[in-house]
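# Remarks on the overall topology
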Amino acid sequence: DNRKPMNYHANINASQSVFNVSDSTYHKVGLSATTGSGALASAADDDLEIKRSGLYRSAFSAYASLEGDGAALDVKIVKGSTAEAFGKVVSDENSDSFSAMCLYTDQLTAHHTTDTISFQYQHTNSSSEAVKYSLTFEEQING
């Protein structure tokens, strides 16, 4: 039917960092309003705002170097204010780097508060560390 799928992709490779966090508070990944098709991202609140109702698939992975037994990296995909998908990794025997990921697929509507999507992460390391990430958000046309 010649529709172009709405999508959003972002990747920060291993040589870059988003920003450093040293507490256990969730942080939203900063989204660029100029990336992806359909102008999905809101620069004001780092949410993806659905412009057309349909089936959408999200994938989110984060990587961090965390030292010390029990340090953890958590990621989640949030729809509106509800966390829908989770991933968590806890270090063992002083592992120094690891990643966590989560996936989420759902029918979404073009509602500006209930069907927004955000990508959030936290780590519980005792020191401030860089977190790298990749995320994909794609409309599944005829899917």
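This text gives an overview of the structure that appears in the document. Because the structure is a prediction, the values reported are computed rather than measured. (Residues numbered from 1 in each chain as written. Predicted model: local features only at pLDDT ≥ 70, side-chain atom pairs only at ≥ 80, totals over all residues. Heavy atoms only, no water.)

### Quick look at the pairing of strand 7 (residues 72-79)
- Of all eight residues that make up strand 7, eight are buried, and the element is covered over most of its length.
- Alternating residues of strand 7 divide into Ala 72, Asp 74, Lys 76 and Val 78 and Leu 73, Val 75, Ile 77 and Lys 79, and every residue in both groups is buried.
- Sheet analysis places strand 7 next to strand 10 (residues 116-123), joined by seven bridges and oriented antiparallel. Across the sheet, residue Asp 74 finds its bridge partner in strand 10, namely Gln 122. (Buried < 20%, exposed > 50% of the residue type's maximum accessible area, 1.4 Å probe, protein only. Helix = DSSP H or I, 4+ residues; strand = E, 2+ residues; numbered from the N terminus. Pairing = 2+ DSSP bridges.)

### Observations concerning the environment of Asn 7
- Locating Asn 7 in the fold gives a position in strand 1 (residues 7-11).
- Linking Asn 7 and Glu 138, residues 131 residues apart in sequence, is a C-alpha distance of 4.2 Å.
- Not counting residues up to four positions away in its chain, the partners in contact with Asn 7 are Gly 36, Ser 37, Leu 40, Phe 137 and Glu 138.
- For Asn 7, the side chain forms a polar contact with the main-chain oxygen of Pro 5, separated by 3.4 Å. (Contact = heavy atoms within 4.5 Å. Polar contact = N/O pair within 3.5 Å; in protein donor to acceptor, adjacent residues only side chain to side chain.)

### A word on the nonpolar core
- Among the nonpolar cores identified, the biggest contains 31 residues, and Tyr 8, Leu 48, Phe 60, Phe 119, Leu 135 and Phe 137 are the most heavily contacted of them.
- Looking at this core, the elements with two or more residues in it are strand 1, strand 6 (54-64), strand 7, strand 9 (98-108), strand 10 and strand 11 (129-139).
- No other element matches the five residues that strand 9 contributes to this core.
- Not counting residues up to four positions away in its chain, the partners in contact with Tyr 8 are Leu 31, Ser 32, Thr 35, Gly 36, Leu 40, Ala 41, Leu 48, Leu 135, Thr 136 and Phe 137. (Core = buried A, V, L, I, M, F, W, Y, C linked by side-chain atoms within 4.5 Å.)

### Observations regarding the packing of aromatic side chains
- Taken as a whole, this structure holds two aromatic pairs when the rule is applied.
- Seen from their ring centres, Tyr 56 and Phe 137 are 5.0 Å apart, and the 10° between their planes marks the pair as stacked. Of this pair, Tyr 56 sits in strand 6 while Phe 137 sits in strand 11, placing them 81 residues apart in sequence.
- Judged by its relative accessible area of 1%, Tyr 56 falls in the buried class.
- Relative accessible area serves as the criterion here: at 0%, Phe 137 is assigned to the buried category.
- Seen from the ring of Tyr 26, Lys 76 lies directly overhead, with NZ or CZ sitting 3.9 Å from the centre. (Phe/Tyr/Trp six-rings, centres within 6.5 Å; stacked < 30°, edge-to-face > 60°. Lys NZ or Arg CZ within 6 Å of the ring centre and 35° of its normal.)

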